[in-house]
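Report on the structure
Each chain is listed here by its residues.
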Amino acid sequence: MKMMQKIDRRHFIEAAASAAALGGIGLPLSARSAAPLAQLRSAVRGHVITPADSAYRSKSEPWNARFANVLPAAIVIVADAHDVGRTIAFAREHGLPFVVRNGGHSFAGFSASHGLIVDVSALREVRIDSKNQRATFGAGFTNLALYERLWPARMSLPAGTCPTVGVTGLSQAGGFGRLSRLYGLTCDNILELKVVDASGDVLTASDTQHSDLLWACRGGGGGNFGAVVELTARIHPVDMSFTEIAYTFPLLHGLRVLTAMQDWIETLPPRGHVWAEIVNRAPSEGAKIIVEFTLAGSEKEAFGLGHEFLSAAGVKPSATSVETGPYISTQRGSVCAALRLEECAYTGVSGSGRIPRPAFYAKSDLIRKKWPAEAFSALIEAIARRQADRVLTPANFNPATQIGKVAFESAGGAISQPGLDAMAFAHRDIRIVTQYQARWQPGSPASVARANIAWTQAMYDSVRPWLSGSAYQGYADPFLSDWQHQYYGTHVARLNEIKHKYDPENVFTYAQSLGRHSP
């Protein structure tokens, strides 16, 4: 009972309710639960965590606090691939739902479960072959943790910008980041995978073994075909200087800034990456447009390219910041710059995390054609409405957990080089990736959540005439009506065939998993 004091009442009640899904074996804390839990614990080398354990709170919840009430009956911190297979076998034997989790960043809550969490976060062995520019690493890495491990070799895998996102899920969705235009998407650099299938067998997916499985896992969405436990990837030199310039503009200059930005992206060398946002701020501050430009190059060259953008926009930024330094500093970013690696995590989902955790909803689109001014005007108006709304932008505004924004990330360059059918990722011809996002305080009333979701949907609808009809599977959206084609384009049929081949009983299933619905 002493350990139970560390779990608050809400967590205990919701965990017990979640465990009711396991009623057939009685996994709620009861006399009937002892036998099956003992069976599970004896079957694995790792750790089994239940609501009675002090670690349950930080290990149970996903990153998105919108799904904080979806709590598992048990979490298995696996020690190796065999643990993954044994846990899946246990779940199948007892008819339990399960998900495989690392970063827990699924926008749509697909990394949450009322059943079992197969937690691969402890799989962090790395083998670096600098001569052949390859690295083999466990499925437990998040972006920044992997960057830190590869940094002594002054090499990196092109992966994501968010430091806490799991690399395994990112790579299976595609994987955009600061190096994508130079070295390709994360999935473009995956050479081999170790995958635990529905039978518990460990398969090697490579160009010579199960090549169709490798093809599918490179852009075919995470969790569809099996549990990835190890990845071998091509890594690239990052021993040059990196310069990051952030330009901030008031909203009133938005139209000129955004129209200039989309043309400017087309002129940049592959070493350049752009992340721009239209975002609300505190009522006293006003909404902003922020254009962040990162260049693998000198400060002088970066400012020269930035000057081209500013000249085209014809307006001066209200603020400019610049940082030039090694690659690893750029990847730590402003969020984690002053934090230890273990602190660069979210409160509530990590015992040592220092980053405020939001409730979250987002939609996405992949821009293929140049947008007219009317499209950007619609988005500027949407942000202005949020800025004036005291439910969405309250007086005690928290920029970490109450923002609404549209983000634009540059594509092109090496992203467009592989042929359309080279792998499952189906969006090679895109110019810009857009994300329509709302955050709100965890624990807010349901009315606040509904208002944020409705605002996001209305903003997305306001630019519907210019949407491409595609969506990025890494930004999973539970409200898409035709998600298979929006995520996977012309590859839907082939992906479903591969799904049926490797998971004929649809063991790896969730609301938007392949095999659940006919395309």
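Above this note sits the structure.
What this report covers is the structure whose coordinates are included nearby. As the structure is a computational prediction, the values presented were derived from the model and not from experiment.

1. Let's talk about the packing of helix H5 (residues 143-150) against helix H11 (residues 327-336)
For the pair H5 and H11, interaxial distance at closest approach is 10 Å and the crossing angle is 150°. The pairing of H5 with H11 is recorded here as roughly antiparallel in orientation. Note that H5 runs across H11; the crossing there is left-handed. Of H11, the residues touching H5 (which contributes Leu 144, Tyr 147 and Glu 148) are Tyr 327, Ile 328, Gln 331, Arg 332 and Cys 336. Split by residue class, the contact of H5 with H11 holds 5 nonpolar, 1 polar and 2 charged.

2. A look at the state of the cysteines
Under the defined criterion, the tally for this structure stands at 1 disulfide. The disulfide bridge from Cys 336 ends at Cys 344, spanning 1.8 Å between sulfur atoms. When the S-S torsion is 60°, as for the bridge of Cys 336 with Cys 344, the disulfide is right-handed. For the pair shown, Cys 336 and Cys 344 are each scored as buried. With no disulfide of its own, Cys 187 lies 11 Å from the sulfur of Cys 217, the closest cysteine sulfur. Overall, Cys 187 belongs to the buried group, its relative accessible area being 0%. Cys 217 gets classed as buried once you look at its relative accessible area, which sits at 3%.

3. A few points about the environment of Phe 141
By secondary structure assignment, the location of Phe 141 is in the loop between strand E6 (134-138) and H5. Separated by 259 residues in the primary sequence, Phe 141 and Ala 400 place their C-alpha atoms 24 Å from one another. With residues up to four places along the chain from it excluded, the contact list for Phe 141 reads Asn 102, Leu 123, Arg 124, Glu 125, Val 126, Leu 146, Arg 149, Val 165, Gly 166 and Val 167.

4. Remarks on the pairing of strand E4 (residues 116-119)
Neither face of E4 is open: one carries Leu 116 and Val 118, the other Ile 117 and Asp 119, and all of them are buried. Bridge count between strand E2 (residues 74-77) and E4: 4 bridges; the pairing is parallel. Within E4, the residue paired with Ile 75 across the bridge is Ile 117. Relative to E4, strand E3 (residues 98-101) is paired through 4 bridges, and the arrangement is parallel. Bridge assignment links Phe 98 to a residue of E4, and that residue is Leu 116.

5. Focus: the sheet that holds E6
Spatial strand order, E5-E6-E10-E8-E9: 5 strands in an open sheet with antiparallel pairing. The sheet terminates laterally at strand E5 (126-129) and strand E9 (202-205), the two strands that pair on one side only. Neighbour-to-neighbour, the strand axes of this sheet turn through a mean angle of 10°, independent of strand direction. Alignment of E6 against strand E10 (residues 227-234), held across 5 bridges, turns out to be antiparallel.

6. Re the pattern of salt bridges
Following the criterion strictly, the structure yields 22 salt bridges and no others. For Lys 405, the salt bridge identified is with Glu 277, shortest N-O distance 2.7 Å. Here the residue Lys 405 occupies a position in strand E17 (residues 404-410), and Glu 277 occupies one in strand E13 (residues 272-279), the gap between them amounting to 128 residues. Both residues of the pair, Lys 405 and Glu 277, belong to the buried class. Close ionic contact of Arg 340 with Glu 343 constitutes a salt bridge, the shortest N to O distance being 3.1 Å. In this structure, a network of salt bridges that share partners links the residues Arg 340, Glu 342, Glu 343 and Arg 354.

7. Focus: the pairing of strand E14 (residues 288-295)
Of all 8 residues in E14, 7 are buried; the element is thus mostly enclosed. In terms of strand pairing, strand E12 (residues 242-250) meets E14 through 8 bridges, oriented antiparallel. Residue Phe 249 lies in a different strand from E14, and its bridge partner there is Ile 289. Where E13 lies against E14, 8 bridges are found, and the strand directions are antiparallel. Pairing of Val 279 across the sheet is with Lys 288, part of E14.

8. Digging into unusual backbone geometry
Non-glycine residue Gln 133 carries a positive phi angle of around 55°. Inspection of the secondary structure assignment puts Gln 133 in the loop between E5 and E6. In this structure Gln 133 comes out as partly exposed when scored by relative accessible area, which is 29%. For Asn 506, which is not glycine, the phi torsion reads 55° and is therefore positive. By the secondary structure assignment, Asn 506 is in the segment after helix H15 (492-502).

9. Some points on the packing of aromatic side chains
Considering all chains together, one arrives at 24 aromatic pairs under this definition. Residues Tyr 247 and Phe 309 carry aromatic rings whose centres are separated by 6.0 Å and whose planes lie at 50° to one another, so their mutual orientation is tilted. One end of the pair, Tyr 247, is in strand E12; the other, Phe 309, is in helix H10 (residues 299-313), and 62 residues separate them in sequence. Residue class for Tyr 247 comes out buried when judged on its relative accessible area of 2%. When its relative accessible area of 0% is taken as the criterion, Phe 309 is described as buried.

10. Comments concerning the sheet that holds E2
Reading across the sheet, the 4 strands line up as E1-E2-E4-E3 and stay open at both edges, with mixed pairing between neighbours. This sheet does not close on itself; its edge strands, each paired only once, are strand E1 (47-49) and E3. Taking the axes of each pair of neighbouring strands and ignoring which way they run, one obtains an average angle of 20° across the sheet. Here E1 pairs with E2 via 3 bridges, running antiparallel. The residue bridging His 47 from the neighbouring strand is Ile 77, located in E2. Sitting on the sheet, helix H4 (residues 81-93) is in contact with E2, E3 and E4, with an inclination near 170° to E4.

Basis of the calculations
Residues numbered from 1 in each chain as written. Predicted model: local features only at pLDDT ≥ 70, side-chain atom pairs only at ≥ 80, totals over all residues. Heavy atoms only, no water. Axes fitted to C-alpha atoms, helices over the stretch in contact; angles between N-to-C directions. Helix = DSSP H or I, 4+ residues; strand = E, 2+ residues; numbered from the N terminus. Parallel < 35°, antiparallel > 145°, perpendicular 65-115°, else oblique. Left-handed = near helix turned anticlockwise from the far one by under 90°. Contact = heavy atoms within 4.5 Å. Nonpolar A, V, L, I, M, F, W, Y, C, P; charged D, E, K, R; others polar. Disulfide = S-S within 2.5 Å. Buried < 20%, exposed > 50% of the residue type's maximum accessible area, 1.4 Å probe, protein only. Pairing = 2+ DSSP bridges. Salt bridge = Lys/Arg side-chain N within 4 Å of Asp/Glu carboxyl O. Phe/Tyr/Trp six-rings, centres within 6.5 Å; stacked < 30°, edge-to-face > 60°.

No statement about biological role is implied by the geometric values presented.
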